[in-house]
Amino acid sequence: MTGLRIAPSILSADFARLGEEVEAVVAAGADLIHFDVMDNHYVPNLTIGPAVCAAIRPRTRARIDVHLMVKPVDALVPLFAKAGADIISFHPEASEHVDRTLTLIRENGCRAGLVLNPATPLHCLDHVMGRLDLILVMSVNPGFGGQAFIPEALDKIAAIRQRIDRHTARHGGEIWLEVDGGIKTGNIRAVAEAGADTFVAGSAIFGAPDRDGGYRGVIADMRDQLQRALPVGRPA
Ligand code: DX5
Ligand code: ZN
């Protein structure tokens, strides 16, 4: 299958050597850099902000995929756009005015994404499909790397795939379907078969032992699994 993207989450990288880590993971075959922003308010953890995004921007031409786990959202959008973000996504629970925030992201020259937690219902997508470039399905509760994949996410991915296909058939455009949390070589194929096209992996990539080929080895294994995935909508 073509058009499938692997997005390593730098949350699990060595922060003391972040620039080199970004270069290494892109050289190893990453398509995007997934950038997790946590504020100790919307989620119980604290990570990195626009200054770090600006610092890694010159290190790669790969798109920077900013996942905002912050509340409120809007003030950070222009700051991340200026720092070189290509995609900015946020959680609908964290913005008082979801439509306005999506518009703001596009006005700042970035692609706009909405993130659905495991318990977030699909109706939050109802009136905003035309403003979306990406839907990010959380397959863990946000806040930490290294958690186990929640299998109920697969049905949700399949339902969203249908919505996206219906929408693009009627209105055109392109909406990526990204999945984040607990993705490994052992489950990435099932996630693709459910209908995802973009796969975030943090601990699985940055925790890969050198003896197994390091980042390059695990990304190659993931692509190999993706090659074997059955076409979406045609389960075995
Ligand atoms: C969790 C983050 C994820 C996380 C994924 O809140 O949004 O991007 O880094 O890490 P793994 O792949 O280890 O679950
Ligand atoms: Zn994330």
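Predicted model, so just to flag it, every value in this text is computed and none were measured.

> Whenever I open this one, the overall build of the protein confuses me. Can you help?
Helix and strand counts for the protein stand at eight helices and eight strands. Computed over the C-alpha atoms, the radius of gyration of the protein is 17 Å, within 12% of the 18 Å expected from 2.2 N^0.38 for a compact globule of 236 residues. Here the C-alpha coordinates of the protein stretch approximately 50 × 45 × 30 Å along the principal axes. Here the protein holds 236 residues, and 51% of them are scored as buried. Here the protein has roughly 10,600 Å² of accessible surface; of this, 50% comes from carbon and sulfur atoms.

> Whenever I open this one, the environment of R161 confuses me. Can you help?
In this fold, R161 is placed in helix 5 (residues 153–171). Relative accessible area serves as the criterion here: at 12%, R161 is assigned to the buried category. Placed 36 residues apart in sequence, R161 and D197 show a C-alpha to C-alpha distance of 9.6 Å. Aside from chain neighbours lying at most four places away, what touches R161 is L177, A194, G195, D197 and V232.

> Could you clarify how one ought to interpret the pattern of salt bridges in this entry?
A side chain of one charge can pair with a side chain of the opposite charge if their charged atoms are brought near each other. In total, this model carries 14 salt bridges according to the counting rule given. Salt-bridge contacts for D31 lead to R223; the nearest nitrogen and oxygen are separated by 3.0 Å. Of the two residues, D31 sits in the loop between helix 1 (18–27) and strand 2 (32–38) while R223 sits in helix 8 (residues 214–228), which places them 192 residues apart along the sequence. Here D31 falls in the partly exposed class, since its relative accessible area comes to 28%. Since its relative accessible area comes to 29%, R223 is described here as partly exposed.

> I tried to follow helix 5 on my own but got confused; where do I start?
Every α-helix carries 3.6 residues per turn, so stepping three or four residues along brings you back to the same face. The terminal C-alpha atoms of helix 5 lie 26 Å apart, and with 19 residues this matches the ideal 27 Å at 1.5 Å per residue to within 8%. Those residues of helix 5 that fall on the buried side of the exposure criterion are A153, K156, I157, I160, R161, I164 and H167. On an axial view of helix 5, the arc spanned by its buried residues comes to 140°, and they lie on one face. Across from the buried face of helix 5, at angles greater than 90 degrees, the exposed residues are D155, Q162, A169 and R170. In this structure, the buried side of helix 5 is in contact with strand 5 (111–116), strand 6 (134–138), strand 7 (176–180) and helix 6 (188–194). Positioned one or two residues after helix 5, G172 has a phi angle of 75°, which is positive.

> How should I be thinking about the side chain of H91 in this particular structure?
Its location among the elements puts H91 in the loop between strand 4 (87–90) and helix 4 (98–107). Within the structure, H91 has its side chain in polar contact with the side chain of H67 (distance 3.0 Å). Engagement of the side chain of H91 in a polar contact is seen with the side chain of N117, the distance being 3.2 Å. Discounting chain neighbours no more than four positions away, the residues touching H91 are Y42, H67, L68, M69, V115, N117, M138 and P142.

> Help me understand the coordination of the zinc ion (ligand 2), please; the structure alone is not making it clear to me.
Geometry reference: four tetrahedral donors at a metal, ideal angle 109.5 degrees. Six octahedral donors, ideal angles 90 or 180 degrees. Within the protein, the atoms that donate to the zinc ion (ligand 2) are H34 (NE2), D36 (OD), H67 (ND1) and D180 (OD), at distances of 2.0 to 2.3 Å. What the six donor atoms of the zinc ion (ligand 2) show is an angle range of 69 to 170° at the metal, which sorts the shape as octahedral. The class of D180 is buried, set by a relative accessible area of 8%.

Rules of the game
Residues numbered from 1 in each chain as written. Chains lettered and ligands numbered in written order. Predicted model: local features only at pLDDT ≥ 70, side-chain atom pairs only at ≥ 80, totals over all residues. Heavy atoms only, no water. Helix = DSSP H or I, 4+ residues; strand = E, 2+ residues; numbered from the N terminus. Rg over C-alpha atoms; globule rule 2.2 N^0.38 Å. Buried < 20%, exposed > 50% of the residue type's maximum accessible area, 1.4 Å probe, protein only. Areas by Shrake-Rupley, 256 points an atom, 1.4 Å probe, with all protein chains shown as cover. Contact = heavy atoms within 4.5 Å. Salt bridge = Lys/Arg side-chain N within 4 Å of Asp/Glu carboxyl O. Expected span 1.5 Å × (residues − 1). Arc of directions from axis to C-beta. Polar contact = N/O pair within 3.5 Å; in protein donor to acceptor, adjacent residues only side chain to side chain. Donors = N, O, S within 2.8 Å, 3.2 Å for Na, K, Ca; no water. Tetrahedral: all angles 85-135°; square planar, octahedral: opposite > 155°, others 65-115°.

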